[in-house]
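Breakdown of the fold
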Amino acid sequence: MKRIEEFVDSMYLNVDGDKQEINELKAEMKNHLFESVQELKEEGKIEQQAITIAIQRFGEEKEMRAVIGQLFEIQKIFAKRVLYIAIVCLILTISMGSFLWEIDDSTAQGLSETSTLISEELENKDVMTFSMKRKIETLVEDTNYISEVTIYNSKDIRSVSQNSGEYHWKSQNPDFQYQRTIWALKWLGVDSSTSGNGNEQWFVLIESRSFDQLQVILIFMGGAIYWTLFTIWAIINAHHQKRLHIKWILVFLLLNILGYLIYYFTGIQRSSSEEQQKLY
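Procedures and definitions
Residues numbered from 1 in each chain as written. Predicted model: local features only at pLDDT ≥ 70, side-chain atom pairs only at ≥ 80, totals over all residues. Heavy atoms only, no water. Helix = DSSP H or I, 4+ residues; strand = E, 2+ residues; numbered from the N terminus. Contact = heavy atoms within 4.5 Å. Areas by Shrake-Rupley, 256 points an atom, 1.4 Å probe, with all protein chains shown as cover. Patch = residues over 30% accessible without salt bridge, like charges linked within 9 Å, V, L, I, M, F, W, Y side chains within 5 Å. Salt bridge = Lys/Arg side-chain N within 4 Å of Asp/Glu carboxyl O. Phe/Tyr/Trp six-rings, centres within 6.5 Å; stacked < 30°, edge-to-face > 60°. Core = buried A, V, L, I, M, F, W, Y, C linked by side-chain atoms within 4.5 Å. Buried < 20%, exposed > 50% of the residue type's maximum accessible area, 1.4 Å probe, protein only. Pairing = 2+ DSSP bridges. Axes fitted to C-alpha atoms, helices over the stretch in contact; angles between N-to-C directions. pLDDT = per-residue confidence, 0-100. Lys, Arg positive; Asp, Glu negative; His and termini not counted. Charge placed at Lys NZ, Arg CZ, Asp CG, Glu CD. Expected span 1.5 Å × (residues − 1). Parallel < 35°, antiparallel > 145°, perpendicular 65-115°, else oblique. Left-handed = near helix turned anticlockwise from the far one by under 90°. Nonpolar A, V, L, I, M, F, W, Y, C, P; charged D, E, K, R; others polar.

Let's shift gears to the overall build of the chain. What the chain contains, in helices and strands, is 9 helices and 4 strands. Along the chain, helices and strands appear, N-terminal first, in the series α-α-α-α-α-β-α-β-β-β-α-α-α. Within the chain, counting contacts between residues at least 6 apart in sequence, those at least 24 apart form 66% of the total. Of the roughly 18,200 Å² that the chain leaves accessible, carbon and sulfur atoms contribute 56%.

Together, I246, L250, L253, L254, L255, I257, L258, L261, I262, Y264, F265 and I268 give the surface a local cluster of nonpolar side chains, amounting to about 1,100 Å² of exposed area. When contributions to the nonpolar patch are tallied by element, the ones reaching two or more residues are α8 (246-255) and α9 (257-279). Ranked by the residues each element gives to the nonpolar patch, the list is headed by α9, at 7 residues. Within the secondary structure layout, L258 lies in helix α9.

Applying the stated criterion across every chain, the model contains 11 aromatic pairs. Taken together, a centroid distance of 6.3 Å and an interplanar angle of 35° make the contact between W183 and F211 tilted. With W183 in the loop between β2 (176-179) and β3 (191-198) and F211 in the loop between β4 (202-210) and α7 (212-240), the pair connects residues that are 28 residues apart, well separated along the chain. Their ring planes at 75° and their centres at 5.4 Å tell us that Y264 and F265 sit as a pair that is edge-to-face.

Counting 17 residues, the largest nonpolar core has I118, L122, M128, I136, V149 and I151 as its most contacted members. Elements that contribute at least two residues to this core include exactly α4 (61-122), α5 (130-141), β1 (146-153), β2 and β4. Take this core: its biggest share by element is 4 residues, from α5. Counting 16 residues, the second largest nonpolar core, distinct from the first, contains V82, L83, A234 and Y260.

Another aspect to go through is the pattern of salt bridges. In the structure shown here, the tally under the stated rule is 4 salt bridges. Between R180 and E141 there is a salt bridge; the shortest N-O distance is 3.5 Å. Residue R180 is located in the loop between β2 and β3, and its partner E141 is located in helix α5; the two are separated by 39 residues in the primary sequence. Look at E141 and you get partly exposed, because its relative accessible area is 39%.

In a beta sheet, neighbouring strands are held together by backbone hydrogen bonds and run either parallel or antiparallel to one another. Ordered in space as β2-β1-β4-β3, the 4 strands form an open sheet in which the pairing is antiparallel. Among the strands making up the open sheet, the edge pair consists of β2 and β3. Looking at each pair of strands side by side, their axes are set apart by 15° on average, direction ignored. Pairing of β1 with β2, which is carried by 4 bridges, proceeds in the antiparallel orientation. Bridging across to β2, E148 finds its partner in Q179. Packed on one face of the sheet, α5 meets β1 and β2 and runs near 30° to β2.

Among the secondary structure elements, E123 is positioned in the loop between α4 and α5. Taking the relative accessible area as the measure of exposure, E123 reaches 45% and is therefore partly exposed. When the C-alpha positions of E123 and Q201 are compared, they lie 8.1 Å apart, and in sequence the two are 78 residues distant.

Turning to the pairing of β3, a few remarks are in order. Pairing of β3 with β4 involves 8 bridges; the strand directions are antiparallel. From the neighbouring strand, N197 faces β4, where its bridge partner is V204. Joining the antiparallel neighbours β3 and β4 is a turn of 3 residues.

Attention now goes to the confidence of the model for the chain. For any part of a model where pLDDT is low, the fine detail of the predicted coordinates should not be relied upon. Summarising the model, the chain shows a mean pLDDT of 82, and 82% of its residues fall at 70 or more. Predicted confidence for residues 161-166 stays below pLDDT 50, and this span has 3 contacts to residues more than four positions away or in other chains.

What follows deals with a negative patch on the surface. Among the surface-exposed residues, E35, E39, E42 and E43 lie close enough to one another that they form a single negatively charged patch. You can call E39 partly exposed: its relative accessible area is 49%.

What follows deals with α7. The terminal C-alpha atoms of α7 lie 42 Å apart, and with 29 residues this matches the ideal 42 Å at 1.5 Å per residue to within 8%. The first or second residue beyond α7 is K242, which carries a positive phi of 60°.

Two quantities define a packed helix pair, namely the angle between the axes and the distance from one axis to the other. Contact geometry of α7 with α8 gives a least axis separation of 9 Å together with a crossing angle of 155°. In this view, α7 runs roughly antiparallel relative to α8, as classed from their interaxial angle. The way α7 lies across α8 gives a crossing that is right-handed. Along its contact with α7, which presents W227, T231, A234, I235 and A238, the element α8 presents I249, F252, L253, L254 and L255. By residue class, the composition of the contact of α7 with α8 is 9 nonpolar, 1 polar and no charged.

Structure below.
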């Protein structure tokens, strides 16, 4: 049966893959051929004829080698693509999250500056004049993130609070209100936030665009996709290395890349121990 062994070895010549997995596939192929040869011999064929027929039935050498090579190549490509997509997803999530954070940080600084300018415009003024209102509108129009400015007389708000102990500015008619439409895709998670500040005379509410909710959605979804894909890649690798176990699946799921590093270094220690045992 040496001819069968040589034929099977030739099938896996130059095939790049896990050695243990290749050896198991070779053993399975040999057993299948041995069984075919035995059946042919029982039908009256001599051994060499039986071997020739069994190999011909199994497939031409070149064709089988190509199929086996493609099989291992597809497995490798799939695993690599899963890993690459996971890494790209992580990079995009971090980049977009950082970008949105910078926008919100810039908005916060702009809000602070605009709020200060409005406070300066209202300072020591008992009544809002037409020119004051136009100036505040101009300040709002100079930004691309403020959607509404509402100004109340602090005395009115305090009078309400004295009765209930709380501010009920929403129930009061504002002394000034300016609204405009700004870009904000609600369905995408772009929301608005309201900030207020006041003094003895005026209480100012400013509504502005906020990406806080979008950041949370982006980080959660991007992180979940990355975590899932990396876990799948780690499981595939463990399967090819014949080390897949429920404990490693749990480690990958819970610790992700840290879990894979534990798995990787554990494998190195295991290989070193096996080599030392062989030497002794």
